[in-house]
Amino acid sequence: MANLHLRIGDLVWGKLGRYPPWPGKVVSPPKDLKKPSGKKCFFVKFFGTEDHAWIKVEQLKPYHPHKEEMIKINKGKRFQQAVDAVEEFLKKAKGKEQASHNGSSEDKSKSSTADGKKRKNPTTVKALLEEDKKDLASHKQTFFEKNKPCSSLEPISKRLKIIEQEAASTSIQAADSTAVNGSITPTDKRIGFLGLGHMGSGIVSNLLKMGHVVTVWNRTAEKCDLFIQEGARLGRTPAEVVSMCDITFSCVSDPRAAKDLVLGPSGVLQGIRPGKCYVEMSTVDPETIAELSQVITSRGGRFLEAPVSGSQQLSNDGMLVILAAGDRTVYEDCSSCFQAIGKTSFFLGEAGNAAKMMLILSMVQGSFMATIAEGLTLAQVTGQSQQTFLDILCQGQMASTFLDQKCQNILQGNFRPDYYLKHIQKDLRLAISVGDSVNHPTPMAAAANEVYKRAKALDQSDNDMSAVYRAYIH
């Protein structure tokens, strides 16, 4: 491919590092973005993302000749969305070309009587190049001024789009991690991860895929084996992981497990030294966060809470939403990690704020799930079709992937856990406690909590949260 001849506007497959090729278009780079020295490369705008990058010519292939080949080897949803975006682009280009051709006939007739000047029919590439220039110019202020001009080799923290929403809340909107995975520059800091459950496993897998150096520990050591095969290192105890790493994340089931991990024998606290970073990703109560923050910082450590909103599938896909609070510098140090595991992260200010926000989100989600189950069972006992009920819901304002997925689980009797029922009940309980602490009523959450408690009594704890349905049919 070294002899590949490309022009502005050409469609290509661009590959970065060891990651899969992605559809893009050769465009003109901004004037203030210098071309990397060395091998020949082109500036490519990727479809399905807002990302642009310099790509070496050896890592480029023409789009059309290799389309079928690429579609066969890449099956991800976001990849398909990017290919769809290419097809939509081509469809619009064809429409514009036809419109330009029709318009040029009229223009020629008019110009011959007006000033006798000929007007050339603009080619598709020229017409679309003008759009690209406008597109790049409009993004220049928001991207290249806020994030100093950089090459694809500079740290990812310089390429993240920081949006200040208010003094205490900042959102780092990470680019789609599958679509632009090649442009993620992993931090050179050593990463530790404690807890390889449903959520933790997906998180570690994505950290490794994006090139991070990760040391893992799990209470059940066998769960570490798969990640060791993928390139992770093994820590014998939480204390050893913390002592070996610069930033250590933990993701466990509840407040008690979070405290035991830090304060127990050979726990995190024994490995904390000045400058060590600890990131608590578990969904726990604000009081637990306050206690953990205090003991970590008392040893000179730096603390960040970063619970995640999502499910096992979203964790596997690297599409979690991260809610962070605490030490802002730790949040910034974690930027490449957060981009690898999530689609967006929010910084919410002082420690404890993320726990509160996470519990409020879980409260809404858990209450909604219980209401869906209640509606499905009421439809059934009144002689209505549950499938029709779902079809109507999915055509209305409440339509969502969550709604469709959970209802299908119920109708198919498939309660394989994507988010454990016992964990959503725990979240509801903690959210109610937060309400009590500020004397705020939470009657809807309290009612939903009772339904989940009944489902737990029916041995549904280790099933998906949608198994709350069974509380209504027994």
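These figures come from a predicted structure and were not determined experimentally.

(A) Structural detail: the packing of helix 7 (residues 255-263) against helix 9 (residues 286-298). Here helix 7 crosses helix 9 at 10°, and the two axes come no closer than 10 Å. Accordingly, the angle class assigned to the pair helix 7 and helix 9 is roughly parallel. Along its contact with helix 7, which presents Pro255, Ala258, Lys259, Val262 and Leu263, the element helix 9 presents Thr288, Glu291, Leu292, Val295 and Ile296. Broken down by class, the residue content of the contact of helix 7 with helix 9 amounts to seven nonpolar, one polar and two charged.

(B) View of the nonpolar core. Among the nonpolar cores identified, the biggest contains 34 residues, and Phe193, Leu207, Phe249, Val279, Met281 and Phe338 are the most heavily contacted of them. When contributions to this core are tallied by element, the ones reaching two or more residues are strand 8 (191-194), helix 4 (198-209), strand 9 (214-217), strand 11 (247-250), strand 12 (277-280), strand 15 (320-326), helix 11 (328-333) and helix 12 (335-341). The next biggest cluster of nonpolar side chains, apart from the first, holds 32 residues, and it includes Cys407, Ala445, Tyr452 and Met465.

(C) Highlighting helix 1 (residues 63-73). Within the sequence span of helix 1, burial applies to Tyr63, His66, Lys67 and Met70. Down the axis of helix 1, the buried set is contained in an arc of 145°. They therefore lie on one face. Turned more than 90 degrees from where helix 1 packs its buried face, Pro65, Glu68 and Lys72 sit exposed.

(D) Structural view of helix 4. Across its twelve residues, helix 4 extends 17 Å between first and last C-alpha, which sits within 8% of the 16 Å expected from 1.5 Å per residue. Counted residue by residue, helix 4 has nine buried out of twelve residues, so it is predominantly covered. Among all positions in helix 4, only Met199, Gly200, Gly202, Ile203, Val204, Ser205, Asn206, Leu207 and Leu208 are buried. The first or second residue beyond helix 4 is Gly211, which carries a positive phi of 90°.

Analysis parameters
Residues numbered from 1 in each chain as written. Predicted model: local features only at pLDDT ≥ 70, side-chain atom pairs only at ≥ 80, totals over all residues. Heavy atoms only, no water. Axes fitted to C-alpha atoms, helices over the stretch in contact; angles between N-to-C directions. Helix = DSSP H or I, 4+ residues; strand = E, 2+ residues; numbered from the N terminus. Parallel < 35°, antiparallel > 145°, perpendicular 65-115°, else oblique. Contact = heavy atoms within 4.5 Å. Nonpolar A, V, L, I, M, F, W, Y, C, P; charged D, E, K, R; others polar. Core = buried A, V, L, I, M, F, W, Y, C linked by side-chain atoms within 4.5 Å. Buried < 20%, exposed > 50% of the residue type's maximum accessible area, 1.4 Å probe, protein only. Arc of directions from axis to C-beta. Expected span 1.5 Å × (residues − 1).

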